[in-house]
Each structure stands twice: as C-alpha cells, then as structure tokens.
Amino acid sequence: MLHRKFGVLTSLALGLSTLTAASSALSQNIAHAQSGPPAPPVLDKDVVITPAKDVYPDVALARTQVDEAFATAARTKRKVLIDFGGNWCPDCRMLAGIFEQPEVAQWLESQFVVVPVNVGRIDKNLDIAKEFGVTIHEVPTVLVVTPGHTLLNADGANTLGNARAMSTQAVLDLLDKWNRRG
C-alpha cells in the first residue's frame, strides 16, 4: 500500500515538474513575443571597421541567391536583407565591413537571411529591387523584406548610401527599426 502511494506521489511530482517547465517555457515565449526581436549588439565606439573586399558575387548569381534567400527565410522564420551594391563602392564595402563584425554577424544571422546583390555599375539586377517598388539610384541600397515579400523599409531603402559617414551603431539601430516593423 505504501509502495502504491509513493508511486502515485512520484507520478504527481513528475507531472507537476513537467507542467512547471512547460509554463516557464510558455512565459518566456510570451515575453519574447511581446518584446519583439532581440536588439542588435552595442559595439564599443572604438571598434575600427575595416571595409570589406569582394563581398558582392558575380552579377549572374543574383536571381538564384535571392530566390534561395526567400526559401530559407520562409523555412527559418527570418526576414531577408537584400544588400544591393558593388565591390567598387566605398560605402558598400564599409557596410559589409560592419556586417562582418562577429557580434553583428551573429545578430544578423539570427534575424535575417542576408543576400548581397551585385548591381554592376548600377546597371545590373535592378529588376530585383523594382519587384519591391524600389528604384536604385545609389548604393548601398538595403531592403528588409518578409518571407512573404512585404518590403518593410520602403521609406529608407537608400538611407545607408552614406554608410561611411554613419556610426556603426546608427547602422545597426536603423536595421533594428526596420526589423521590428514586421
């Protein structure tokens, strides 16, 4: 009889433990949903950003890479960050240098599927931006798009065109603002 009561108590304790764990996980999920996506890292103001080299792949790869980015975004519930630029562009290289910072790269990876699109001399792959209602006049032009193809930053796609003059934190805060829209 005592053995049976002990078994019932053990079962109840295990059930309560499982329920408590599930409740805790649910509370964390609700808190995350209410607070939105995680904020970008705060970088030390003394971090020196080195412009990246050769980050924009061959112009012929753009359509395939964008399509793959949207497929990955849909599967992983992330947004797509399309970075239109060229390896000749100082602001594009500076933006890519910011993206390469380890803390930034980790944050970007958690929130976005990043796809660099080579626009040649602003004469290639412009049709991809036009699909989202954006005309590229300068680079870098950055689009933040949901997996369902909704553009979240139509009001600021060209804002990073002066990335060399912006602080790293200003760039990250802008990306975070756009990310929180969708």
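Residues numbered from 1 in each chain as written. Predicted model: local features only at pLDDT ≥ 70, side-chain atom pairs only at ≥ 80, totals over all residues. Heavy atoms only, no water.

## Considering the overall build of the protein
Along the backbone of the protein there are six helices and three strands. Its helices and strands taken in sequence order, the protein reads α-α-β-α-α-β-α-β-α from the N to the C terminus. Looking at the protein as a whole, 41% of its 182 residues qualify as buried. At a minimum sequence separation of 6, the contacts of the protein that also span at least 24 residues come to 71%. About 10,200 Å² of surface is accessible on the protein, with carbon and sulfur atoms providing 58% of the total. (Helix = DSSP H or I, 4+ residues; strand = E, 2+ residues; numbered from the N terminus. Buried < 20%, exposed > 50% of the residue type's maximum accessible area, 1.4 Å probe, protein only. Contact = heavy atoms within 4.5 Å. Areas by Shrake-Rupley, 256 points an atom, 1.4 Å probe, with all protein chains shown as cover.)

## Remarks on unusual backbone geometry
For the peptide bond that leads from Val139 to Pro140, omega is 0 degrees, which places it in the cis range. Mapped onto the fold, Pro140 is located in the loop between α5 (126–130) and β3 (141–145). Of note, Asn125 is a non-glycine position whose phi angle comes to about 60 degrees, a positive value. Within the element layout of this structure, Asn125 appears in the loop between β2 (112–118) and α5.

## Thoughts on the pattern of salt bridges
Tallied over the full model, the rule gives six salt bridges. A salt bridge links Arg78 to Glu109; its shortest N-O distance comes to 3.3 Å. With Arg78 in the loop between α2 (62–76) and β1 (79–85) and Glu109 in helix α4 (residues 102–111), the pair connects residues that are 31 residues apart, well separated along the chain. Among the salt bridges present, the one from Arg180 reaches Asp176, with a minimum N-O distance of 3.0 Å. (Salt bridge = Lys/Arg side-chain N within 4 Å of Asp/Glu carboxyl O.)

## Here we look at the nonpolar core
Judged by nonpolar contacts, the single largest core of 25 residues is most densely connected at Ile82, Phe84, Val117 and Leu143. Among the secondary structure elements, those contributing two or more residues to this core are α2, β1, β2, α5 and β3. Element by element, the count of residues in this core is highest for α2, at five residues. Among the nonpolar cores identified, the runner-up in size contains 21 residues, and Met94, Ile98, Leu160 and Ala163 belong to it. (Core = buried A, V, L, I, M, F, W, Y, C linked by side-chain atoms within 4.5 Å.)

## A few points about the environment of Lys124
Inspection of the secondary structure assignment puts Lys124 in the loop between β2 and α5. On the basis of relative accessibility, which here comes to 39%, the residue Lys124 falls in the partly exposed class. Once the C-alpha coordinates of Lys124 and Ala62 are considered, the two residues, 62 residues apart in sequence, prove to be 9.5 Å apart. Sequence-distant contacts of Lys124, that is, excluding residues within four places in its chain, are made with Val59, Asn118 and Val119.

## Regarding the packing of aromatic side chains
Under the counting rule described, the total for this entry stands at two aromatic pairs. Measuring from centroid to centroid gives 6.0 Å for Phe70 and Phe132, while their planes differ by 20 degrees, and the two rings are stacked. Linking Phe70 in helix α2 with Phe132 in the loop between α5 and β3, this pair joins segments that are 62 residues apart in sequence. Look at Phe132 and you get buried, because its relative accessible area is 11%. Pairing Trp107 with Phe112 gives two aromatic rings, centres 5.8 Å apart and planes at 80 degrees, and the pair type is edge-to-face. (Phe/Tyr/Trp six-rings, centres within 6.5 Å; stacked < 30°, edge-to-face > 60°.)

## Thoughts on helix α3 (residues 90–99)
Among the 10 residues in α3, eight count as buried, and that is most of the element. All of the buried residues in α3 are Asp91, Cys92, Met94, Leu95, Ala96, Gly97, Ile98 and Phe99. Those residues of α3 that are buried lie in contact with β1, α4, β3 and α6 (168–179).

## Topic: the pairing of β3
In terms of burial, β3 is largely enclosed, as five of its five residues are buried. Of the two faces of β3, the one carrying Thr141, Leu143 and Val145 and the one carrying Val142 and Val144 are both buried.

## Examining the confidence of the model for the protein
For the protein, mean pLDDT is 85; residues scoring 70 or higher make up 81% of the total. Confidence drops under a pLDDT of 50 for residues 8–33, and excluding neighbours within four residues, the segment shows two contacts in the predicted structure. (pLDDT = per-residue confidence, 0-100.)

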